[in-house]
Amino acid sequence: MMRTSWPLGVGPVHASIINLSRENGDRINIACLVKGAIGKPLNSANRRRISRMRNLQQAALLLARGAMKGYACATLLMRLLPPLLPPGTLHDARILLWTRGIRAFGDGYISLLLPYYLTLLGFDAFDVGVIITATLLGAGGMTLAIGLIAHRYRSRNLLMAGSALVVAVALLLAHASDFWPLLIIAAFGMLNPASGDVTVFAPLELSMLARSVIPQSRTALFARYSLVGALVGALGAQAAGIPALLGSWLGVEQRSAVQMMFLAYALLGICNLLLYR
């Protein structure tokens with residue numbers, strides 16, 4: 001195999017490695033190739049690592065583009081909601097219906113992927129049950145605590161703080177792999193491992209909904225709020241199959257694919273944070 005010199009004087013590098021780096025054109029991949037393959041033949045392990053890295057970057061780029069387009073579409077389609085709302089409804093109700101739908105979509109696949117992810121990490125049924133129980137206890141405790149102090153703060157500020165905490169929890173969840181860190185993350189109460197909304201957002205949003213509509217239309221608005229959560233939550237549950245599609249189409253490992261879904265959950269939290277603002 002033809003050999004050439006690395007410009008920085010690091011040592012000889014195989015020409016095939018340089019060609020792969022130039023084809024990709026990405027600085028991160030180049031650095032990884034230099035670190036792992038300088039002075040070595042491009043064996044099958046290095047090829048698999050390069051291919052896996054490319055697949056991960058492509059999937060992350062697709063998720064980022066999808067989140068941007070989804071937020072733009074949500075903002076555009078929000079104008080179509082007024083005919084669907086009961087009479088006497090204020091603008092805040094439209095925003096709350098959208099945030100309920102976005103959160104329900106994320107909760108729909110998180111409730112299915114979280115136990116599956118824990119099994120991928122090697123936890124047994126008892127450990128999985130303990131972590132899932134911690135999420136439910138944490139959600140209940142957080143909801144109770146918010147109920148005791150909510151009268152002191154604006155509901156909008158509490159919803160924004162909760163969305164920021166969802167983003168932080170999702171990012172931590174994507175990087176944690178040990179039992180105790182995962183248990184602490186679950187105890188924050190921001191993950192929703194159930195079919196319904198058991199987090200702090202439900203009581204806060206319901207209280208705001210009650211103030212955003214006339215009394216005669218309040219029940220109709222609550223019904224629409226529940227309908228949005230149920231329908232979009234079902235779509236979110238169907239989205240739990242995305243990691244399998246990423247594995248079959250792009251060759252992404254299941255653990256990495258589920259971690260990408262956690263990152264997508266963080267993006268949904270950012271969308272809600274912007275809508276609450």
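Residues numbered from 1 in each chain as written. Predicted model: local features only at pLDDT ≥ 70, side-chain atom pairs only at ≥ 80, totals over all residues. Heavy atoms only, no water.

Below, the discussion takes up the environment of Met261. Looking at where Met261 falls in the secondary structure, it is placed in helix H11 (residues 254-276). Through-space distance from the C-alpha of Met261 to that of Ile110 is 8.2 Å; in sequence the pair is 151 residues apart. Among residues more than four places away in sequence, those in contact with Met261 are Tyr109, Leu113, Ala239, Ile242 and Pro243. (Helix = DSSP H or I, 4+ residues; strand = E, 2+ residues; numbered from the N terminus. Contact = heavy atoms within 4.5 Å.)

This brings us to the packing of aromatic side chains. Under the defined criterion, the tally for this structure stands at five aromatic pairs. Between the aromatic rings of Phe105 and Tyr109, the centroid separation amounts to 6.0 Å while the plane-to-plane angle is 80°, which identifies the pairing as edge-to-face. Linking Phe105 with Tyr109, this pair stays in helix H4 (residues 91-120), spanning four residues, or about one helical turn. Judged by centre distance (5.3 Å) and plane angle (80°), the rings of Phe179 and Trp180 are edge-to-face. With relative accessibility at 18%, the residue Phe179 sits in the buried group. Judged by its relative accessible area of 58%, Trp180 falls in the exposed class. (Phe/Tyr/Trp six-rings, centres within 6.5 Å; stacked < 30°, edge-to-face > 60°. Buried < 20%, exposed > 50% of the residue type's maximum accessible area, 1.4 Å probe, protein only.)

Enumeration over the complete set of coordinates arrives at two salt bridges. The salt bridge involving Glu205 is made with Arg103; its shortest N-O contact spans 2.9 Å. With Glu205 in helix H8 (residues 201-211) and Arg103 in helix H4, this residue pair connects regions lying 102 residues apart in the sequence. The pair formed by Glu205 and Arg103 is uniform in burial state, with each residue classed as buried. (Salt bridge = Lys/Arg side-chain N within 4 Å of Asp/Glu carboxyl O.)

Together, Leu144, Leu148, Ile149 and Tyr153 make up an exposed nonpolar region whose accessible area comes to about 420 Å². Inspection of the secondary structure puts Leu148 in helix H5 (residues 125-149). (Patch = residues over 30% accessible without salt bridge, like charges linked within 9 Å, V, L, I, M, F, W, Y side chains within 5 Å. Areas by Shrake-Rupley, 256 points an atom, 1.4 Å probe, with all protein chains shown as cover.)

In this section: the nonpolar core. Within the largest apolar cluster, 55 residues are counted, with the highest numbers of intra-cluster contacts made by Tyr109, Leu118, Leu182 and Phe262. Counting only elements with at least two residues in this core, the list comes to H4, H5, helix H6 (155-175), helix H7 (179-187), H8, helix H9 (218-238) and H11. Per element, the largest residue contribution to this core is eleven residues, and it comes from H4. Those residues in contact with Leu182, other than ones at most four positions away along the chain, are Leu118, Leu121, Phe123, Ile131, Leu173, Ala176 and Ser177. (Core = buried A, V, L, I, M, F, W, Y, C linked by side-chain atoms within 4.5 Å.)

Mapped onto the elements of the fold, Thr99 is located in helix H4. The residues contacting Thr99, other than those within four sequence positions of it, are Glu205, Asn272, Leu275 and Tyr276.

This paragraph deals with the confidence of the model for the protein chain. Averaged over every residue, the pLDDT of the protein chain is 78; the share at 70 or more is 69%. Looking at the elements of the protein chain, mean pLDDT is at its lowest for strand S2 (residues 12-14), recorded as 39, and at its highest for H11, recorded as 93. Note on residues 1-40: pLDDT is under 50 here. Beyond four places in sequence and across chains, it has 49 contacts. (pLDDT = per-residue confidence, 0-100.)

Moving on: the packing of H6 against H8. Interaxial distance between H6 and H8 falls to 10 Å at its minimum, and their mutual angle equals 150°. Comparing their axes, H8 and H6 come out roughly antiparallel. At the point where H6 passes H8, the crossing takes the left-handed sense. Side by side, H6 and H8 meet where Ser155, Arg156, Leu158, Leu159, Gly162, Ser163 and Val166 of the first sit next to Phe201, Leu204, Glu205, Ser207, Met208 and Arg211 of the second. (Axes fitted to C-alpha atoms, helices over the stretch in contact; angles between N-to-C directions. Parallel < 35°, antiparallel > 145°, perpendicular 65-115°, else oblique. Left-handed = near helix turned anticlockwise from the far one by under 90°.)

What follows covers H8. Along an α-helix, residues three or four apart share an orientation, since each turn contains 3.6 residues. Those residues of H8 lying buried are Phe201, Ala202, Leu204, Glu205, Met208 and Leu209. Viewed end-on, H8 has its buried residues packed into an arc of 165°, placing them on one side of the element. Buried residues belonging to H8 abut H4, H5, H6, H9 and H11. (Arc of directions from axis to C-beta.)

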